Amino acid sequence: MILELMSYDVHLNVVGDSPDPIFGILRSDRPIDRIYLFCDDSAQHTANLDRIVSSLQSVGIDDVIDVSIDSFDYDSTFHTVSRILEDEAASHDDLIIHVNFSSGDPVSVIALRQAVEGYDNDQYYLRNGKLIPMIADSVSDITTLRIQTKVLDTLMRFKDSDTITNKDLKGDLSSPALSYRTRELDRLGLITRVGSSKSPSWNITPKGRQMLRRF
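Rules used in this analysis
- Residues numbered from 1 in each chain as written.
- Predicted model: local features only at pLDDT ≥ 70, side-chain atom pairs only at ≥ 80, totals over all residues.
- Heavy atoms only, no water.
- Helix = DSSP H or I, 4+ residues; strand = E, 2+ residues; numbered from the N terminus.
- Expected span 1.5 Å × (residues − 1).
- Buried < 20%, exposed > 50% of the residue type's maximum accessible area, 1.4 Å probe, protein only.
- Arc of directions from axis to C-beta.
- Salt bridge = Lys/Arg side-chain N within 4 Å of Asp/Glu carboxyl O.
- Contact = heavy atoms within 4.5 Å.

S.K.: What am I meant to see in helix 8 (residues 175-187) here?
M.R.: What sets the pattern is the α-helix's 3.6 residues per turn: residues three or four places apart point alike. The terminal C-alpha atoms of helix 8, which comprises 13 residues, lie 18 Å apart, in line with the 18 Å expected from a rise of 1.5 Å per residue. Considered for burial, the residues of helix 8 that qualify are L178, R181, T182, E184 and L185. Looking straight down helix 8, one finds that the buried residues subtend no more than 160 degrees of arc, so they occupy a single side. Within helix 8, the exposed residues directed more than 90 degrees away from the buried face are P176 and R187. At the exit of helix 8 stands G189, carrying a positive phi of roughly 75 degrees.

S.K.: Whenever I open this one, the pattern of salt bridges confuses me. Can you help?
M.R.: Opposite charge on two side chains permits them to pair, given that their charged atoms come into close proximity. Throughout the structure, instances matching the rule amount to 5 salt bridges. In this structure, R34 and E88 form a salt bridge, with 2.7 Å as the shortest nitrogen-oxygen distance. Taken together, the positions of R34 in strand 2 (residues 34-39) and E88 in helix 3 (residues 74-91) put the pair 54 residues apart, joining distant regions of the chain. Accessibility assignment for this pair places R34 and E88 in one class, buried. E184 is the partner of R187 in a salt bridge, and the nearest nitrogen-oxygen pair spans 3.0 Å. Highlighted residues: R187 and E184, both in helix 8, separated by 3 residues, approximately one helical turn. By sharing partners, the salt bridges in this structure join R34, D63 and E88 into a single network.

S.K.: Just to check I follow, could you spell out the environment of I32 for this structure?
M.R.: Secondary-structure assignment places I32 in the loop between helix 1 (20-23) and strand 2. The exposure class assigned to I32 is partly exposed, which follows from its relative accessible area of 26%. Separated by 29 residues in sequence, I32 and I61 have C-alpha atoms that sit 8.2 Å apart. In this view, I32 contacts D9, H11, I25, L26 and I61; residues no more than four positions away in its chain are not counted.

Below is the structure:
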């Protein structure tokens with residue numbers, strides 16, 4: 001006899017500028033028992049929230065809970081999500097949390113990511129309609145780059161080239177600024193140094209190329 005493992009599957013989503021990333025859940029193979037939609041008071045976001053809830057209900061998904069958050073208040077968002085997860089875990093021993101990082105501002109993304117630590121969770125984002133699984137390190141790296149926009153600017157220079165010399169990468173940057181940005185990107189495993197110390201170049205890594213596709 002084959003025993004079928006059951007789970008209670010809860011999805012966490014931050015409502016953003018487009019409802020499409022959340023609709024992508026319906027095209028995945030992930031089971032859905034309950035969906036939480038975290039939304040701030042932006043007029044565009046609340047309009048998207050109404051559209052999402054209506055669309056989900058039209059396909060028979062009625063257990064949809066919208067939760068108000070302040071997208072600029074990390075502590076409030078973190079504690080709001082944490083309380084929800086504590087309640088769900090107390091009610092369901094077989095809880096699995098699915099976290100959609102396709103939309104949301106940096107503060108909400110960081111709060112969501114840190115709140116789910118310690119729970120059985122599945123993290124992903126949607127790109128061109130496809131659901132891409134993520135490992136925890138990748139989520140941390142994405143939130144780091146979203147906050148350190150100048151470091152991200154340097155990574156974006158590799159959009160059209162796998163290798164860039166230190167001189168070309170520097171451009172109008174000061175030497176300390178370039179050193180900081182390349183050090184951060186190297187620390188994250190997104191670029192790697194090649195060549196001599198007098199005339200170094202930088203290669204983008206497979207992880208870095210994957211990160212570029214995310215942005």
